[in-house]
Amino acid sequence: MDDEECCEVVITADDADRLRALTRTLVEERLAACGQTVTGVRSIYRWAGEVHDDPEARVALHTRRSLVPAVVERTRALHTYEVPCVIALPLLGGNPDYLRWVVAETRQP
């Protein structure tokens, strides 16, 4: 196994409880091994021609790169946003034991 097999997926939402529920669903369905949520982030963005400044929560999921399309689709189905933020970031390295755990705790694509 190499580092390229795993990635971190970031999702944001306006409701921390709903984001935790989404995270739990993704972990239960083995689309992610785990997720760390952070509340109290501010998102400043342009939407529908206006600049917004809103409180949000953020989750960092650890999963296989090959599962990212399934994570995106599941998030689209469950998220309240018209266009939810779901981005995947490559891993440059990490604890090999942890990365093996991520692979072991996620399903085959």
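All of these numbers come straight from a predicted model, not from anything done at the bench.

Visitor: Would you explain the sheet that holds strand β2 (residues 34-47) in this entry?
Guide: Across a sheet, paired strands are connected by hydrogen bonds in the backbone, their directions being either parallel or antiparallel. Reading across from one edge, β2-β3-β1-β4 is the order of the four strands in this open sheet, with antiparallel pairing throughout. In this open sheet, the two edge strands, each paired with only one partner strand, are β2 and β4 (86-90). Taken over all neighbouring pairs, the strand axes of this sheet differ in orientation by 30° on average, direction set aside. In terms of strand pairing, strand β1 (residues 6-13) meets β4 through five bridges, oriented antiparallel. Across the sheet, the residue bridging to Val 9 is Ala 88, located in β4. Sitting on the sheet, helix α3 (residues 96-104) touches β1, β2 and β3 (50-64), and the angle it makes with β3 is about 95°.

Visitor: How should the packing of helix α1 (residues 16-28) against helix α2 (residues 68-78) be read in this particular structure?
Guide: A pair of packed helices can be characterised by two numbers: the angle between their axes and the separation between those axes. Two elements in contact, α1 and α2, have axes separated by 11 Å at closest approach and are oriented at 140°. The orientation of α1 with respect to α2, classified from their angle, is oblique. In this structure, α1 meets α2 at a crossing whose hand is right-handed. Listed contacts from α2 to Leu 22, Thr 25 and Leu 26 of α1 are Val 71, Arg 74, Thr 75 and Leu 78. Residue composition of the contact of α1 with α2, grouped by class: four nonpolar, two polar and one charged.

Rules used in this analysis
- Residues numbered from 1 in each chain as written.
- Predicted model: local features only at pLDDT ≥ 70, side-chain atom pairs only at ≥ 80, totals over all residues.
- Heavy atoms only, no water.
- Pairing = 2+ DSSP bridges.
- Helix = DSSP H or I, 4+ residues; strand = E, 2+ residues; numbered from the N terminus.
- Axes fitted to C-alpha atoms, helices over the stretch in contact; angles between N-to-C directions.
- Contact = heavy atoms within 4.5 Å.
- Parallel < 35°, antiparallel > 145°, perpendicular 65-115°, else oblique.
- Left-handed = near helix turned anticlockwise from the far one by under 90°.
- Nonpolar A, V, L, I, M, F, W, Y, C, P; charged D, E, K, R; others polar.

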